[in-house]
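Fold and contact review
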Amino acid sequence: MDTVVRTEGLTKDYGSVLALDDLSLEIGPGITGLVGANGAGKSTLIKILLGLLTPTRGAATVLGHDIARASAEIRTEVGYLPEHDCLPPDVSASDFVVHLAMMSGLPRVAARERAAEVLRHVGLAEERYRPMGGYSTGMKQRAKLAQALAHDPRLVLLDEPTNGLDPAARDDMLGLVQRIGEDFGIAVIVTSHLLGELERVSDHVVILDGGKLLRASRTDEFLDATGTLLVEVLGDDAQARMAAALAEAGVMTQARGGLIALEPPNPAADRSGVPDLHDLVRDTAADLGLGLVRIQADHRRIEDVFHDAPADVTAEVARG
Amino acid sequence: MAERGAVESRGVIHDLGYRPYTGPRQGEGAIAWALFVNGFLNAFGIGRSGKSKVLPFLLLALNLLPAVIVVGAMVLIGLPDLPISYAQYASTTQVLLGIFVASQAPVLFSRDLRHGSITLYLARPLRATHYALARWAALLAATLVFLLLPILMLYVGTLLGELDAGTQTEDAATAALLVVLLALTLTGVAGLIASVSVRRGFAVVATIAVLLLGNGIVTAIQGIATEQERPRIGEIAGLFSPYSLYRGAGAALADLDSLTPPTGAGMEAAYYVAFVALAALCLGLLVLRYRKVSGR
């Protein structure tokens, strides 16, 4: 199965709000980040794919099933982590996940085994036997993730799984998302309004803006190395001295926070006899007696897409 | 790439390997049955916290207490007849019954809406209509336990007391039919109220108000109608509350007391029709409610 989700002209008109505007896209296996500001149409898209909302116009397939005709099949094969609270406080995670696994069609004994297994995978240990009302936000998100995985779906739709988490819990959750996609072999569509956090776990990124497709491509295409080198040096007035010495050697520099950004050399110019940029940095630092902390390639961030070319143009390119 | 490594090295994920599930996946029927069983147990607090078992079992115990005493008397003293008829029993314990239905309907209908877990059900194969039906059936079954168990106990008591089995069987069967009708309406009314009120407290109060206050008002109207010697008004008023419907239908079918029992075949039929129609109407609205929640 190459295509996990395909939509054609999908439109959801709430009357006052156009949540999805003629959206056509294709999502393949692996981890796909669905990114956009609040109200960009991420949750609406997910709910339409699950059959929880009916589109005003357009068509879509999920795992090869038509959303209009085979909604029950889709919901058998898909796991869903909703954005909002969905856990009853007086039930333990263990009982709840068993119950929901049965609601996905697993027999009781199998549901128990699966629940124990997925709760272990998401990292809920002894606390799984306590009522969920006493859980921290991080534990609640794990319980929500466990129920989405309980029936071994082929695709999980994770709606803002990192919402409300502190940085450490956020990292854990992203680590889990990565594991689901890479180790469990389950296709993942994960939404976030924070662009930056998905770039390190997702293979593909789909960016929605105002219900329209802004851009869809492989994550690494977003993060192409720009050719710029970032250099960090240590010592008395290190940054200024380093920048001055490099400028003398004919390299354009720019201060960026505590780092120096070295503009890439013009590829058209004659480079013979000129030392490699890395060597130059090393030698310059050594000559000045400065500690060279790091040299790293500067990657673009997903955010940059929003500052790039006008939205209409990129969207057309992405639809190809 | 350094960040990527940091994520993987965190200790929370135990690397024991993921095993896909290859076993059977059951259809909607089996899922609905599982939801029904779960709901039935939940109505008695089983599968929920310890303290949520207190109220349903306390009410059930209180509800059965008169039956236990009667059976004891039947066996030990050897009474010539039941001191309370099968059909009268539910009328006598109607307050307990009302509290039970009012307090447990929110468990089955408000909880999933209040805590948002309804979304998790709707994202699974079971359709909204079947979800509503399974929940309704669970409350109906729990209410029937409440209503049929005393009848069964009294019946066994009369057999132990060596009363005429034929008469007793007939009386018990008639009462069973009546309480099934009562359970259908109570389940419908309480379920519908609980499904539109997200707050448990509101659902409990509203259900008790509709059931017990409604019954009180109807009884008052019937009392006044009797005094004014215009029983027809009382008979018509009796059509508007589950308990008065039960008394009216019980007066027609069994030996139940009603201030203004339905007179004439037309009015008797109106009681049966109203009984069934009220139950059907509530169930219909309940299904509609969940179809609306599901967005389809």
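Counting from 1, residues in each chain are numbered in the order their sequence is written. The lettering of chains begins at A and the numbering of ligands begins at 1, in the order of writing. For a predicted model such as this one, the threshold for reporting local features is a pLDDT of at least 70, and the threshold for listing and counting side-chain atom pairs is 80 or more; totals across whole chains, interfaces and linings nevertheless cover every residue.

**So, the overall build of chain A**
Secondary structure is summarised from DSSP: a helix means a run of H or I of at least four residues, a strand means a run of E of at least two, and numbering begins at the N terminus for each. Regarding its fold elements, chain A presents 12 helices and 14 strands. Think of it as a crowd count around each C-beta: if 20 or more other C-beta atoms lie within 10 Å the residue is buried, if 12 or fewer it is exposed, and in between it is partly exposed, with C-beta placed from the backbone throughout. Relative to its 320 residues, chain A shows a buried fraction of 45%.

**Side note on the overall build of chain B**
Across its full length, chain B carries 13 helices and zero strands. The dimensions of chain B, computed from C-alpha atoms along their principal axes, are 90 × 45 × 30 Å. Buried positions account for 46% of the 296 residues belonging to chain B. Counted over contacts in chain B with a minimum sequence separation of 6, partners at least 24 positions apart contribute 75%. The contact criterion used here is simple: two residues whose C-beta atoms, placed from the backbone, lie within 7 Å are in contact.

**Digging into the nonpolar core**
Residue and element names in this part refer to chain A. Residues Leu49, Val97, Ala146, Val156, Leu157, Val177 and Val188 are the most contacted members of the largest nonpolar core, which totals 155 residues. Beyond its immediate sequence surroundings of up to four residues, Leu157 is in contact with Ile46, Leu49, Leu50, Val78, Tyr80 and Ile189. Counting 12 residues, the second-largest nonpolar core is a separate cluster that includes Leu229, Val233, Leu262 and Val281. One nonpolar core equals one set of buried Ala, Val, Leu, Ile, Met, Phe, Trp, Tyr and Cys residues connected by C-beta atoms within 7 Å.

**Focus: the environment of Leu76 of chain B**
All names here are of chain B. Tracing the chain through its elements places Leu76 in helix H3 (residues 54–76). You can call Leu76 exposed: it has 9 C-beta atoms within 10 Å. Separated by 85 residues in sequence, Leu76 and Gly161 have C-alpha atoms that sit 8.4 Å apart.

**Quick look at the interface of chain A and chain B**
Contacts between the two partners involve 46 residues from chain A, matched on the other side by 41 residues from chain B. Of all the elements in the fold, those that place two or more residues in the side of chain A that touches chain B are helix H2 (71–77), helix H3 (93–103), helix H4 (108–122) and helix H6 (167–182) of chain A. Here the side of chain A that touches chain B takes seven residues from H6 of chain A, the largest share from any one element.

**Re unusual backbone geometry**
Negative phi characterises most residues that are not glycine, and trans characterises most peptide bonds. Positive phi outside glycine occurs at Asp237 of chain A, with the angle close to 50°. In this structure, Asp237 of chain A sits in the loop between strand E11 (225–234) and helix H9 (238–248). Residue classification places Asp237 of chain A among the exposed positions, given that 9 C-beta atoms sit within 10 Å. Even without a glycine there, the phi angle at Glu229 of chain B is positive, about 55°.

**Comments concerning the sheet that holds strand E8 (residues 187–192) of chain A**
All names here are of chain A. Across the sheet, which stays open at both edges, the six strands sit in the order E6-E7-E8-E3-E9-E10 with mixed pairing between neighbours. Either end of the sheet is taken by a strand with one partner, and the two such strands are strand E6 (78–81) and strand E10 (212–218). When the angles between neighbouring strand axes are averaged without regard to direction, this sheet yields 15°. Two strands are counted as paired when DSSP detects at least two bridges linking them. One ladder, built from four bridges, connects strand E7 (residues 155–158) with E8; its direction is parallel. Residue pairing in the sheet places Val156 in a bridge with Val188 of E8. Every angle, taken between N-to-C directions, lies between 0 and 180 degrees, and every axis is a line fitted to C-alpha atoms, over only the stretch in contact when it is a helix. Along the sheet face, helix H1 (residues 42–50) touches strand E3 (31–35), E6, E7, E8 and strand E9 (204–209) and points at about 145° away from the line of E7. Against the sheet, H6 makes contact with E3, E7 and E8, and its axis sits at roughly 155° relative to E8, the strand it touches most.

**Describing H6 of chain A**
Three or four residues apart is the spacing at which side chains of an α-helix point the same way, because the helix has 3.6 residues per turn. By this rule, a helix spans an expected 1.5 Å times one less than how many residues it contains. With 16 residues, H6 of chain A should reach 22 Å at 1.5 Å per residue; the first-to-last C-alpha distance of 22 Å fits that figure. Those residues of H6 of chain A lying buried are Asp172, Met173, Leu174, Gly175, Leu176, Val177, Gln178, Arg179, Ile180 and Gly181 of chain A.

**Points about the confidence of the model for chain B**
Chain-level statistics for chain B give a pLDDT mean of 91 and a share of 94% at 70 or above. For this predicted complex, the interface score ipTM comes out at 0.86, while the overall pTM is 0.82. Confidence scores here are pLDDT values: one per residue, from the predictor, ranging 0 to 100.

**Focus on the environment of Ala93 of chain A**
Turning to its location among the elements, Ala93 of chain A is positioned in helix H3. With residues up to four places along the chain from it excluded, the contact list for Ala93 of chain A reads Leu119, Leu124, Arg128, Met132, Ala143 and Ala146 of chain A.

**Details of the packing of helix H2 (residues 28–43) of chain B against helix H8 (residues 128–160) of chain B**
Helix packing for two helices is described by the angle between their axes and how far apart those axes are. All names here are of chain B. The geometry of H2 relative to H8 is characterised by a closest axis approach of 8 Å and an angle of 40° between their N-to-C directions. Comparing their axes, H8 and H2 come out oblique. Once H2 is placed against H8, the crossing between them reads as right-handed. Seen from H2, the contacting residues are Glu28, Ala32, Leu35, Phe36, Gly39, Phe40 and Ala43; seen from H8, they are His130, Tyr131, Ala134, Arg135, Ala137, Ala138, Leu139, Ala141 and Ala142. In these notes the angle categories are as follows: under 35 degrees is roughly parallel, over 145 is roughly antiparallel, 65 to 115 is roughly perpendicular, and the rest is oblique. Two helices cross in a left-handed way if the nearer one is turned anticlockwise from the farther one by less than a right angle. They cross in a right-handed way if the turn is clockwise.

**Quick notes on the domain arrangement of chain A**
An automatic or database domain assignment is the source of the domain bounds shown. Splitting chain A by domain gives domain 1 (5–222) and domain 2 (226–299). The distance between the C-alpha centroids of domain 1 of chain A and domain 2 of chain A comes to 44 Å.

**Comments concerning the sheet that holds strand E1 (residues 5–13) of chain A**
Residue and element names in this part refer to chain A. Strands sit in the order E2-E1-E4-E5 across an open sheet of four strands; the sheet is antiparallel. The sheet is open, and its two edges are formed by strand E2 (18–27) and strand E5 (65–66), each paired on a single side. Relative to E5, strand E4 (residues 57–62) runs antiparallel, the two sharing two bridges. From the neighbouring strand, Val62 faces E5, where its bridge partner is His65. Each of E1, E2 and E4 is contacted by H1, which is oriented at about 115° to E1, the strand it contacts most.

**Focus: helix H5 (residues 137–149) of chain A**
For H5 of chain A, with 13 residues, the first-to-last C-alpha span of 19 Å sits near the 18 Å given by 1.5 Å per residue. Within H5 of chain A, 10 of the 13 residues are buried, which leaves the element mostly enclosed by the surrounding structure. Residues of H5 of chain A that are buried include every one of Met139, Gln141, Arg142, Ala143, Lys144, Leu145, Ala146, Gln147, Ala148 and Leu149 of chain A, and no others. On its buried face, H5 of chain A sits against E6, H3, H4, E7 and H6 of chain A together with helix H7 (118–122) of chain B.

**Observations regarding the confidence of the model for chain A**
On average, chain A scores 86 in pLDDT, and the residues at 70 or more come to 88%. Ignoring residues within four places in sequence, the model shows residues 309–320 of chain A, a span with pLDDT below 50, making 16 contacts including any to other chains.

**Examining the packing of helix H9 (residues 165–196) of chain B against helix H13 (residues 264–293) of chain B**
All names here are of chain B. The contact between H9 and H13 brings their axes to 8 Å, and the two run at 30°. Compared by their axis directions, H9 and H13 come out roughly parallel. Judged by the twist between their axes, the crossing of H9 over H13 is left-handed. Mapping the contact onto sequence places Leu181, Leu184, Thr185, Gly188, Val189, Gly191, Leu192, Ser195 and Val196 in H9 and Phe275, Leu278, Ala279, Cys282, Leu283, Leu285, Leu286 and Arg289 in H13. Taken together, the residues of the contact of H9 with H13 sort by class into 12 nonpolar, four polar and one charged. Residues are grouped as follows: Ala, Val, Leu, Ile, Met, Phe, Trp, Tyr, Cys and Pro are nonpolar; Asp, Glu, Lys and Arg are charged; every other residue, Gly included, is polar.

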